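Structure assessment
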Amino acid sequence: MATKKQDYGNDSISSLKGADRVRKRPGVIFGSDGLDGCEHAVFEILSNSIDEAREGHGRVITLTRFADRSIQVEDMGRGCPVDWNEKEQRYNWELVYCELYAGGKYDNLTGDNYEYSLGLNGLGACATQYSSEYMDVISRRDGWQYTLHFRRGENVTEGPDKLLKEPCSPKQTGTTHRFKLDLDVFTDTRIPKEYFQQVLKKQAVVNQGLRFHFRQEVEKGKFEEEDFYYENGIVDYVKELAGDNALTSVQFNQTERRGRDRSDKPEYKVKVQAAFCFSNVGALLEYYHNSSWLEHGGAPDKAARSAFVSALDAYLKQTGKYQKNESKVSFADISDSLILVTNGFSTYTSYENQTKKSITNKFIYEAMTDFLKHSLEVYFIENPMDAAKIADQVLVNKRSRENAEKTRLNLKKKLAGSLDIANRVQKFVDCRTKDIGRREIFIVEGDSALGACKLSRDAEFQAIIPVRGKILNCLKAEYDKIFKNDIIIDILKVLGCGVEVQSKSNKEISNFDLGNLRWSKVIICTDADVDGFQIRTLILTMLYRLTPTLIQQGYVYIAETPLFEINCGDKTWFAYSDKEKADI
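The structure contained in this document is the topic of the report that follows. (Residues numbered from 1 in each chain as written. Predicted model: local features only at pLDDT ≥ 70, side-chain atom pairs only at ≥ 80, totals over all residues. Heavy atoms only, no water.)

All right, on to the pattern of salt bridges then. In this structure the tally under the stated criterion is 34 salt bridges. Lys321 serves as the salt-bridge partner of Asp392, at 3.1 Å between the closest nitrogen and oxygen. Of this pair, Asp392 sits in helix 11 (residues 384-417) while Lys321 sits in the loop between helix 8 (299-318) and helix 9 (331-335), and the two are 71 residues apart along the sequence. The partly exposed category is assigned to Lys321, whose relative accessible area is 25%. In this structure, Glu402 and Lys398 form a salt bridge, with 2.8 Å as the shortest nitrogen-oxygen distance. With a gap of four residues between them, Glu402 and Lys398 both fall in helix 11, about one helical turn apart. With a relative accessible area of 24%, Glu402 lands in the partly exposed category. Classification of Lys398 by relative accessible area gives buried; the value is 0%. Here the salt bridges do not stand alone but share partners, grouping Arg23, Arg152, Asp182 and Asp184 into one network. (Salt bridge = Lys/Arg side-chain N within 4 Å of Asp/Glu carboxyl O. Helix = DSSP H or I, 4+ residues; strand = E, 2+ residues; numbered from the N terminus. Buried < 20%, exposed > 50% of the residue type's maximum accessible area, 1.4 Å probe, protein only.)

On to the pairing of strand 14 (residues 284-289). Where strand 14 lies against strand 17 (residues 338-346), six bridges are found, and the strand directions are parallel. Pairing of Glu286 across the sheet is with Val341, part of strand 17. Sheet analysis places strand 14 next to strand 15 (residues 292-293), joined by two bridges and oriented antiparallel. If you follow His289 over to strand 15, its bridge partner there is Ser292. Counted between consecutive antiparallel strands, the loop separating strand 14 from strand 15 contains two residues, among which Asn290 sits at a positive phi close to 50°. (Pairing = 2+ DSSP bridges.)

Overall, the coordinates contain 18 aromatic pairs when judged by the stated rule. A ring pair is formed by Tyr195 and Phe196, whose centres lie 5.7 Å apart and whose planes are at 70°; its orientation type is edge-to-face. In this pair, the class of Tyr195 matches that of Phe196, namely buried. Aromatic side chains Tyr379 and Phe380 sit 5.9 Å apart centroid to centroid with 35° between the ring planes, which places their arrangement in the tilted category. (Phe/Tyr/Trp six-rings, centres within 6.5 Å; stacked < 30°, edge-to-face > 60°.)

Before going further, it helps to examine the sheet that holds strand 15. Taken together, five strands build an open sheet; the order of strands is 12-13-17-14-15 and the sheet is mixed. Two strands in the sheet have a free side with no partner beyond their single neighbour: strand 12 (251-259) and strand 15. On top of the sheet, helix 7 (residues 234-242) reaches strand 12, strand 13 (268-278), strand 14 and strand 17; it is set at about 25° to strand 13, its chief contact. (Contact = heavy atoms within 4.5 Å. Axes fitted to C-alpha atoms, helices over the stretch in contact; angles between N-to-C directions.)

Right, here's the structure in full:
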């Protein structure tokens, strides 16, 4: 029995304050309170350094993973402003590290501070600081070195205004963050080495000319070091992925456009780069926006799907490569042989959420679709041999996929057919033996005949399925009507051998295989009257059109029912006509 709970009243409503806004609900900011959330917290600090480098301030970012699981990110940017903010009448360290939704990247449309920034909401640095066991910050700018120490969301720096400030060389600029994510906040903080390597590599790919230096502490004071650098960005990356066996050479295109998501929304700028090639041994699709890897795609993925399908479908039609009545290619057929990497930037970005794994901008989708489609059309015109090779490979992918799907569906039908058909076919009465050489199936007319035959049959080897009324005339009916008829489908399921016709309307019955026939005899048993003869003819017609081999191989029988039963004493005779009756 449930216990009575405390009254729910006005005093029951409360708000989280300070560090508790993140520490008690980390999943809201980082998407998870597990390892994924930890990884995203690290990326929030890394992304601030990337934004600085992309604006031309520093060309090297160093990330160090220490043995105690603490992490250090160091850049050579302008240094994070942490001193007094006259406009806000507060210290900037409070705004950056202790205030959610505070930052210097809200006015990207003017490009005053950051034109294309990965940071966007003013959450990352503060949320990561709040969720850390400790965070130490060193910022060098304007000839001063600023030092901050945070513990579990609180500034514990010893000094006036909780900020240490000492002079340094004006040439020394940049920000260093060292922090250790808190196990009181996250369920696991053991971020694997592979995550750092993967992230730094991806960032090197989309930030050409920017070097990422990774240091892994293997023992006290001893580090393994690795650099990630792509001079030509996504072009070098696609070449690396394609190797020497690419079907075509790597194509690179870029564009810059301005537009709006809606007529009453502000105009913003979009830059898009795309590198792609076709390969018959590998495939990869990766989309990036403002350096963030769009794991879930969003607008760029929709644009790529639309543009590639449209351009290739048009080319296949123009060159007559489609077979008669062949279906249109799908993006799955294209992506099986496509290596595509897009790298987009915009002064305004609508991310799906704070984890930044998908974007939803309408204008970005429209601009990328038009850009990719036009690029492909020009490429096909200027490189006819490449276009032909691509088209042929895509058609190979398409036809092999369709054949594989047919095989899968056929196997599924066969396996489904091997299930207990007595439970899947209405009013079907099975026999006991599993010996196909003895099993007989009687197709009888209606429920009344079912009852009589059920009582008189040998249940060891004789099974019965009733026909409910008159079935379709299969010589006149189209396949879509035939395969929607429940009576016909039930009979075919019970027979188990499939059908000898190919039709898109057939969703349930497998292709014909005499080896799957469950019976040694298929016996049609109807009344000896006009209706009975008509039903018998319709059943034979169905078998003739759908499974003619059964008739040709002698599996189909007709049970002749007598018209008269004559009893005299202890003897009984059956007559099949008036003449036989008179003779008896």
